[in-house]
Amino acid sequence: MFENVQIAPPDPILGLTEMFKADPNPDKINLSVGVYQDAQGKTPVLETVKEAEKRILEQENSKGYLPMTGEPVYCAKVQELLFGEEHEIIEQKRAATAQCPGGTGALRVVGDYLHTLHPDAKIWLSNPTWANHNTIFAAAGLKCEKYEYRDAASNGLNFDAMCASIKTIPKGDVILLHGCCHNPTGIDPTPEQWSIIGDILAERGILPLVDFAYQGLAVGIEEDRAGLLELAKKVKQMFICSSFSKNFGLYRERTGALTLVADNAEQASTVMSQVKLRIRYNYSNPPSHGGQIVATVLSDSELKARWVEEVAEIRDRINEMRHLFVKTLKEKGVDQDFSSIIDQTGMFSFSGLTKEQVEQLREKFSIYIVGSGRINVAGMTRDNMDRLCEAIKSVL
């Protein structure tokens, strides 16, 4: 049966990582993969994570299966992180959460749920969006459409065009919104704009799916949920996919969650019963270790405070690199305006580099950037900044 199978095309991002690893150039720079790196170019293990793992090792007494929806304490802490303690959604039990294998796993569960329960619904993705959004939902059998997002001229949000696009979405369809640190552009709506978006969705009967993978990397843990909270004031029903890969550094632990918000507790329980079937047919039970880490940290006030500080250090380093990148390009006499990168948030930015310029950077200088021009700002360091900016200047 395998004789006629054709080799699959490489993943546009992970394939670049393989090329980077094979590149013998000692001065190579990887700005493609979506992983945080510190000033030494390493992906660190947070000290709070190490402390949590010590406690888990000492106290763990079983490797039995978790429930289909995961560890209840973890799920409760996810909701508190999303909405804040004592939020009316939590108090009224309008939310239900399932622990999932990463944010990607949560997105696929939503895709399977929608395809099964709402087979006529289409899902609308921002133009542009994370490349894997399209493939995840297409694999689940959903039809993907696009709504306007980025203003190419200003490299900012084209909010008027975004709203106009959303107003064309039919009732009963689903829209995917990035909770903060939009991937790949780093461009986010303001809280006031989120409120307007919520009004449009409520008026048109569109179900929001919020991909919330970077909480804490924009302004702060609490501040970054402002858009979600504005949305929750306007719409009664939504899905939220969250991830702890970035803000806990748990990339390889695949630690995420799917949270649904319904009209009331009974409805939330009913919808979760259908979500649980999708989980059972897919992976049955989530992995435990990453969830135990998150629950341990968030359940201890002292550990949680230290974790918030560690997230702030990550965020500050990324913002420092944004400013240094723009400053260095300007000092080198680059005429093209890259200043919009300073206003963007999270690990990613749309650089405005063309596909041809990206190829030149890879072939001539061993600098790896996604073909769309998306750059991982966390891949920049003080040591590689001068070489990076000199190379960009030469291809502009």
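Scroll up a little and you will see the structure.
Nothing here was measured: the structure is a model prediction, and the numbers come from that model.

A grouping of Met1, Phe2 and Val5 is seen on the molecular surface, where their side chains present a nonpolar patch of about 480 Å² in accessible area. Mapped onto the fold, Val5 is located in the segment before helix H1 (14-22). Residue class for Val5 comes out exposed when judged on its relative accessible area of 56%.

Glancing now at the packing of aromatic side chains. Enumeration over the complete set of coordinates arrives at 7 aromatic pairs. The interplanar angle of 75 degrees and the centroid separation of 5.9 Å between the aromatic rings of Tyr74 and Phe244 together place this pair among those described as edge-to-face. Of the two residues, Tyr74 is situated in helix H3 (residues 72-83) and Phe244 in the loop between strand S9 (238-243) and strand S10 (255-261); the sequence distance between them amounts to 170 residues. Ring geometry for Tyr214 versus Phe348: centroids 6.0 Å apart, planes at 90 degrees, classification edge-to-face. Here Phe348 lies in strand S11 (residues 348-350) and Tyr214 lies in the loop between strand S8 (207-212) and helix H9 (226-234), a separation of 134 residues in the sequence. Of the two residues, Tyr214 and Phe348, both sit in the buried class. An aromatic cluster is defined as three or more aromatic residues linked by ring pairs; in this entry it consists of Tyr74, Phe244, Phe248 and Trp307. Sitting over the face of the ring of Phe20, Lys28 holds its NZ or CZ atom 4.7 Å from the ring centroid.

Turning our eyes to something else, we now look at the sheet that holds S8. The sheet built from 7 strands is open, its strands ordered S2-S10-S9-S8-S7-S3-S4 with mixed pairing. Strands with a single pairing partner mark the edges of an open sheet, and in this sheet they are strand S2 (95-101) and strand S4 (144-148). Between one strand and the next, the sheet's axes are offset by a mean angle of 25 degrees, whatever the strand orientation.

Counting buried positions over the 6 residues of S9 gives 6, a clear majority of the element. Going residue by residue along S9, you find Met238, Ile240 and Ser242 tucked away on one face and Phe239, Cys241 and Ser243 tucked away on the opposite face as well. Alignment of S8 against S9, held across 4 bridges, turns out to be parallel. What sits directly across from Val210, in S9, is Ile240. One crossover worth recording links S8 to the parallel S9 by way of H9, and it is right-handed.

Definitions and limits used
- Residues numbered from 1 in each chain as written.
- Predicted model: local features only at pLDDT ≥ 70, side-chain atom pairs only at ≥ 80, totals over all residues.
- Heavy atoms only, no water.
- Patch = residues over 30% accessible without salt bridge, like charges linked within 9 Å, V, L, I, M, F, W, Y side chains within 5 Å.
- Areas by Shrake-Rupley, 256 points an atom, 1.4 Å probe, with all protein chains shown as cover.
- Salt bridge = Lys/Arg side-chain N within 4 Å of Asp/Glu carboxyl O.
- Helix = DSSP H or I, 4+ residues; strand = E, 2+ residues; numbered from the N terminus.
- Buried < 20%, exposed > 50% of the residue type's maximum accessible area, 1.4 Å probe, protein only.
- Phe/Tyr/Trp six-rings, centres within 6.5 Å; stacked < 30°, edge-to-face > 60°.
- Lys NZ or Arg CZ within 6 Å of the ring centre and 35° of its normal.
- Pairing = 2+ DSSP bridges.
- Axes fitted to C-alpha atoms, helices over the stretch in contact; angles between N-to-C directions.
- Right-handed = clockwise from strand over helix to strand, strands pointing away.

By themselves, these observations are geometric and do not establish any function.
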